[in-house]
Amino acid sequence: MSATHPDPLVIAGREFGSRLMIGTGKYPSHEVMREAHRNSGAEVVTVAIRRVNLADRSAGSLMEYIDDRMLILPNTAACFTAEEAIRTARLGRELLDTPWVKLEVIGDERTLFPDNAGLVQATEVLAKEGFFVLPYFNDDLITARRLIDAGAVAIMPLAAPIGSGLGIQNFTTMRILREMITEVPIIVDAGVGTASDVAVAMELGMDAVLLNTAVAAAEHPAMMAEAMKLAIQAGRLAFRAGRMPKRLYATASSPMDGLSR
């Protein structure tokens, strides 16, 4: 363990003290977003390359409201082909001078489900160009392995459709991913709605959670951001502690063994 962080998240050799990552969209104002970011304790913030003017650091711009301590993770949201995502990632690197990218290749406009084949193709190209690629994909073990083979430094399976707030829908696949994938971190991305969803993800052994709408669309975003921070911590601690086994029948909290009858 690191002297700086007792239980660090490590991606591509970089340590993070927080296992919560956060987005920038859908907030009622930039001021509300900044307060939520601070309350979340997150050290990574994702920004859509195609939806935000990353070069604009003027007064009142979104980029002005992002804390300098946070790693900006540009994402290729709204890209529908591998070629489009590759071009967008290159633009993000040029504007922000960073090799980090959250890779999205959308396969369906209504559900926003990823195009897993396109993701593998784009990951391979970008990884060879020196990018640290974090691909967002459908929760599928075979795709996960192909993404890792293509050079992904972490994988980001969806919990549920983007912005749905449904929480983890496929617990079986998530458990399989956790058991079978150990080479890179697994970051749950998309679909969580509240703190309990985040805690469950961490209790399953996921390495981190990236979220946006669950905080931005809450009645009190800053308050929800703090709840998410605490849920990450509680879920991670519970996972490391090791839960008791589940049993079908009752077991007395105070055993009768050794008592006289």
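Further up the page is the structure itself.
Residues numbered from 1 in each chain as written. Predicted model: local features only at pLDDT ≥ 70, side-chain atom pairs only at ≥ 80, totals over all residues. Heavy atoms only, no water.

## Side note on the layout of surface pockets
- The space that makes up the largest pocket amounts to roughly 670 Å³.
- As for the largest pocket, its lining consists of 33 residues, and the residues nearest its centre are Lys26, Arg51, Ile162, Asn212 and Thr213.
- When contributions to the lining of the largest pocket are tallied by element, the ones reaching two or more residues are strand 4 (44-48), strand 10 (208-211) and helix 7 (213-216).
- With 3 residues, the top contributor of residues to the lining of the largest pocket is strand 4.
- A class-by-class count of the residues in the lining of the largest pocket yields 16 nonpolar, 12 polar and 5 charged. (1 Å grid on protein atoms, 1.4 Å probe; cavity = no way out; pocket = protein on both sides within 12 Å on 5 of 7 lines; lining within 4 Å. Points joined across faces, edges and corners; volume = space filled by probe spheres on them. Helix = DSSP H or I, 4+ residues; strand = E, 2+ residues; numbered from the N terminus. Nonpolar A, V, L, I, M, F, W, Y, C, P; charged D, E, K, R; others polar.)

## Thoughts on unusual backbone geometry
- Within the chain, lysine 26 stands out as a residue other than glycine whose phi angle is a positive 70°.
- With respect to the secondary-structure elements, lysine 26 resides in the loop between strand 3 (20-22) and helix 1 (30-40).
- Phi at alanine 78 takes a positive value of approximately 75°, unusual for a residue other than glycine.
- Positionally, alanine 78 belongs in the loop between strand 5 (71-75) and helix 2 (82-96).
- A residue is classified by how much of its surface remains accessible, and alanine 78, at 25% relative accessible area, is partly exposed. (Buried < 20%, exposed > 50% of the residue type's maximum accessible area, 1.4 Å probe, protein only.)

## Details of helix 1
- Along helix 1, the positions that sit buried rather than exposed are Met33, Ala36, His37 and Ser40. Down the axis of helix 1, the sector holding all buried residues measures 100°, keeping them to one side.
- On its buried face, helix 1 sits against strand 3, strand 4, helix 7 and helix 8 (221-241).
- Phi turns positive one or two residues past the end of helix 1, at glycine 41, with a value near 75°. (Arc of directions from axis to C-beta. Contact = heavy atoms within 4.5 Å.)

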